[in-house]
Amino acid sequence: MASTAFDTHLHEGHHHPSMQHQFDSLEQQKESSTLGMWMFLVTEIMFFGGLFVSYVVYRTRFHGVFALASSALNWRLGALNTAVLIASSLTMAMAIWAAQMNRRKLIVVFLIITILLGSTFLVVKYFEYAEKFEHHLVPGPGFQLMGKTYSGFAPDPEHYSQLVGKTDQAQVFFSLYFVMTGLHALHMIIGIGVLTWLLFPSRKGKFDSSYYNPLECTGLYWHFVDLVWIFLFPLLYLLGAHIHH
Amino acid sequence: MAEHVSSPKMYVMVFLALLVLTVITVAVAYQDLGAFNDIVALTIATVKALLVVLFFMHVKYSTRLTALTAVAGVFFLAILIAMTLNDYMSRGLVLPIPGK
């Protein structure tokens, strides 16, 4: 099959404008770019993996404090962002479907919706971070978990007493929260940047069913970032949900 | 070999399944199940991850080499977690920790 593709390549004397010389066929080229992207995603799994491992180590050590500290996070905003990200994954997948169907204008539409949903996620994240700064929940000299009651964090006195002398452990939770969600947000920003850059060739009609590798690879990256959040949401936001009703 | 094209209907079904699983994971978190809270949360997250990888990331329709690469990533992560916990959870079991 590969030799057939090679023969046509030679006989025609010209090939698809998006095909690089080193490939025998567009199919082989797509295969290579998808594999290369997955190789990169494996390094990304290990990149986030280090943080997940430190999370697991400290969660097993400071089990109860992690649950109490987690209840200071607003799970409703976390759940909202989960839905927003899942929706953006759907529109990303639909942008690729549009390319496979040769619906060039629809590609641009779906990319724009994906960018808007990604931006919505970051805006919600901004308000969450701002709230944490206001409530002295950022690790450092000003960190204060106890004696503060506000909407979203009001464990009963019995739970307060469990936290006496354990502020350091709670700071570990919030350090992990900021580093993990921060690194995730950085990936979102990069993803939005790449999607915006893809708008230009998409508008020019560069992508159709014969060639859409940049869309496919960016899609893989975008879904990966969604995957990380799928694990971050229960691990960070839902640990203490059963504590305060 | 023709490229597999997934239908919008299937993508929407996956999307809805992911939303339903998110609602379930929140509902379960509100119950105090002890250690099972973490197990259930991680199981649901893994099912959601599988849906994303298989359908949104097209691994179900990709070559075996691509699927193997994805599995290799998870495999190395499992080694990282297992070996690290093997160390942390067994400290002081055989010999006393110096200074403690």
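Residues numbered from 1 in each chain as written. Chains lettered and ligands numbered in written order. Predicted model: local features only at pLDDT ≥ 70, side-chain atom pairs only at ≥ 80, totals over all residues.

(A) Just the nonpolar core, in detail. Counting residues in each nonpolar core, the largest one holds 78 residues, and the members touching the most others are Ala69, Ala95, Ala99, Phe173, Leu236 and Leu238 of chain A. Listing elements by their share of this core, those giving two or more residues are helix H2 (26-61), helix H3 (63-70), helix H4 (75-100), helix H5 (104-134), helix H7 (167-203) and helix H8 (213-237) of chain A together with helix H1 (8-29) and helix H2 (36-56) of chain B. It is H8 of chain A that provides the largest number of residues to this core, a total of 15 residues. When sequence neighbours within four positions are dropped, the list of residues in contact with Leu236 of chain A reads Ser70, Leu73, Tyr177 and Met180 of chain A. (Core = buried A, V, L, I, M, F, W, Y, C linked by C-beta atoms within 7 Å. Buried ≥ 20, exposed ≤ 12 C-beta atoms within 10 Å, placed from the backbone. Helix = DSSP H or I, 4+ residues; strand = E, 2+ residues; numbered from the N terminus. Contact = placed C-beta atoms within 7 Å.)

(B) Here's a closer look at the interface of chain A and chain B. Of the residues lining the interface, 36 residues belong to chain A; the matching set on chain B comes to 40 residues. Of all the secondary-structure elements, those providing two or more residues to the side of chain A that touches chain B are H2, H4 and H8 of chain A. Of all the elements, H2 of chain A adds the most residues to the side of chain A that touches chain B, at 14 residues. Each residue belonging to the side of chain A that touches chain B can be placed in one class, and the counts come to 26 nonpolar, seven polar and three charged. (Nonpolar A, V, L, I, M, F, W, Y, C, P; charged D, E, K, R; others polar.)

(C) Representation of the domain arrangement of chain B in the model. Looking at chain B, the domain boundaries give domain 1 (1-57) and domain 2 (62-91). Between the C-alpha centres of domain 1 of chain B and domain 2 of chain B there is a distance of 21 Å. (Domains from an automatic or database assignment.)

(D) Just H3 of chain A, in detail. Counting buried positions over the eight residues of H3 of chain A gives six, a clear majority of the element. Turning to H3 of chain A, its buried residues are Val65, Phe66, Ala67, Leu68, Ala69 and Ser70 of chain A.

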